[in-house]
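Architecture and fold: a report
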Amino acid sequence: VIAEQLLYQDLPWISVMLGDVFEHNGRLIRKLFVNTSSIPVEISIPDDKIKLSHKKLGQIIKVKGEWNKDKKLQIYTADTQLEEKMEFFESYPAVVDHINHEKGVAHFLINERVDTVMSIKELPFSVNLYDVVNLKLSQHTTREGKVRYKIYEIMCRNESEIMPINIIKTFKDIIEVNNDNGFGNDSNIFIPSSLVREYSIKTNSTVEGKAIRNYNKKRNVWGWKAFEIFNVVEDEYDIDVFEDDEV
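Residues numbered from 1 in each chain as written. Predicted model: local features only at pLDDT ≥ 70, side-chain atom pairs only at ≥ 80, totals over all residues. Heavy atoms only, no water.

Now for the layout of surface pockets. The volume enclosed by the largest pocket comes to roughly 840 Å³. R213, N214, Y215, N216 and K225 are the residues nearest the centre of the largest pocket, which is lined by 30 residues in total. Broken down by secondary-structure element, the contributors of at least two residues to the lining of the largest pocket are strand 6 (91-100), strand 7 (105-109), strand 8 (115-119), strand 12 (181-184), strand 13 (189-191), strand 14 (205-216) and strand 15 (221-233). For the lining of the largest pocket, the class distribution of residues is 15 nonpolar, 8 polar and 7 charged. Roughly 550 Å³ of internal volume is contained in the second largest pocket. For the lining of the second largest pocket, the secondary-structure elements that each account for two or more residues are strand 3 (41-46), strand 5 (73-78) and strand 9 (132-141). (1 Å grid on protein atoms, 1.4 Å probe; cavity = no way out; pocket = protein on both sides within 12 Å on 5 of 7 lines; lining within 4 Å. Points joined across faces, edges and corners; volume = space filled by probe spheres on them. Helix = DSSP H or I, 4+ residues; strand = E, 2+ residues; numbered from the N terminus. Nonpolar A, V, L, I, M, F, W, Y, C, P; charged D, E, K, R; others polar.)

Rendered as structure tokens:
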């Protein structure tokens, strides 16, 4: 033990949370969540690599190891003394920007760099398109070297929480209609033709609504896409778009 301590004394301790254990090829494999400066990294190692007398899900321990060229953590030793309780996973606001009912998955957008999916069957509560939730995430690197994100925990948001304006926001802008689609003069808002027709939006109409951050694959750029219209005011006179609903 003393020789081992001397061998690895220059390596820093790394905080790790113990995850589930599963069997693979007759061997017990342990999921670990490695604390980083951003989203914890999920790795899997043989359970006997963590030489502790008692191990349970959610425990936080200290390990010494090094990251290899494949971005895998090679663990050399573990501290038998558990760390004090810490907030391991940060919570991130996310918006449901797509639901694929055929595949049974919901897609969540956290920001322009981070997104993920979750099986609808695994959701602890039902979600609708454009709902905003809070997520705790882990990340891992695939064999192809791509970073993927996985939901560790999903939570409802309180009404008092501030809306994440980097992914969803309200807008008010003068719109230009071209090829049945609407385009904001100042806000970079795109209004799909379905909403343009539904609310009879015309060029120079002032439109108020809500938009979501959206990636345009054809143009390879991020922008804003309207999904809800509050009000439309034409250039010459006002129109209450909800007038027919108020009887």
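The next thing to look at is the confidence of the model for the protein. Chain-level pLDDT for the protein is 88 on average; 90% of the residues reach the 70-or-more range. This model gives residues 241-247 a pLDDT under 50, and the stretch forms 8 contacts once residues within four places in sequence are excluded. (pLDDT = per-residue confidence, 0-100. Contact = heavy atoms within 4.5 Å.)

Turning to the packing of aromatic side chains, a few remarks are in order. Under the counting rule described, the total for this entry stands at 7 aromatic pairs. Pairwise contacts between aromatic rings join F33, F88, F89 and Y152 into one cluster. The ring of W224 is capped by K169, whose NZ or CZ atom sits 4.5 Å from the centre of that ring. (Phe/Tyr/Trp six-rings, centres within 6.5 Å; stacked < 30°, edge-to-face > 60°. Lys NZ or Arg CZ within 6 Å of the ring centre and 35° of its normal.)

Side chains that differ in charge, positive against negative, can pair when their charged atoms come close. Considering all chains together, one arrives at 9 salt bridges under this definition. Ionic pairing is found between D47 and R30, a salt bridge with its closest N-O pair at 2.9 Å. Placement of the pair is D47 in the loop between strand 3 and strand 4 (60-67) and R30 in strand 2 (residues 27-34), with a sequence separation of 17 residues. Judged on exposure class, the residue D47 and its partner R30 are both buried. With a shortest N-O distance of 3.3 Å, E87 and K136 are connected by a salt bridge. With E87 in the loop between strand 5 and strand 6 and K136 in strand 9, this residue pair connects regions lying 49 residues apart in the sequence. (Salt bridge = Lys/Arg side-chain N within 4 Å of Asp/Glu carboxyl O. Buried < 20%, exposed > 50% of the residue type's maximum accessible area, 1.4 Å probe, protein only.)

In this structure, strand 13 lies alongside strand 15, joined through 2 bridges in parallel fashion. Bridge pairing in strand 15 places I189 opposite W224. By the bridge criterion, 11 bridges tie strand 14 to strand 15 in an arrangement that is antiparallel. Residue pairing in the sheet places R213 in a bridge with W224 of strand 15. Hairpin connection, strand 14 to strand 15: the antiparallel pair is bridged by 4 residues, and N220 has positive phi, about 60 degrees. (Pairing = 2+ DSSP bridges.)

It is worth spelling out the nonpolar core at this point. Counting residues in each nonpolar core, the largest one holds 18 residues, and the members touching the most others are F108, I110, L135, L137, I151 and I154. Counting residues per element, the ones that place at least two in this core are strand 6, strand 7, strand 9 and strand 10 (147-156). Residue contributions to this core peak at 4 residues, all from strand 6. Residues I45, I50, L52 and V63 belong to the second largest nonpolar core, which totals 15 residues. (Core = buried A, V, L, I, M, F, W, Y, C linked by side-chain atoms within 4.5 Å.)

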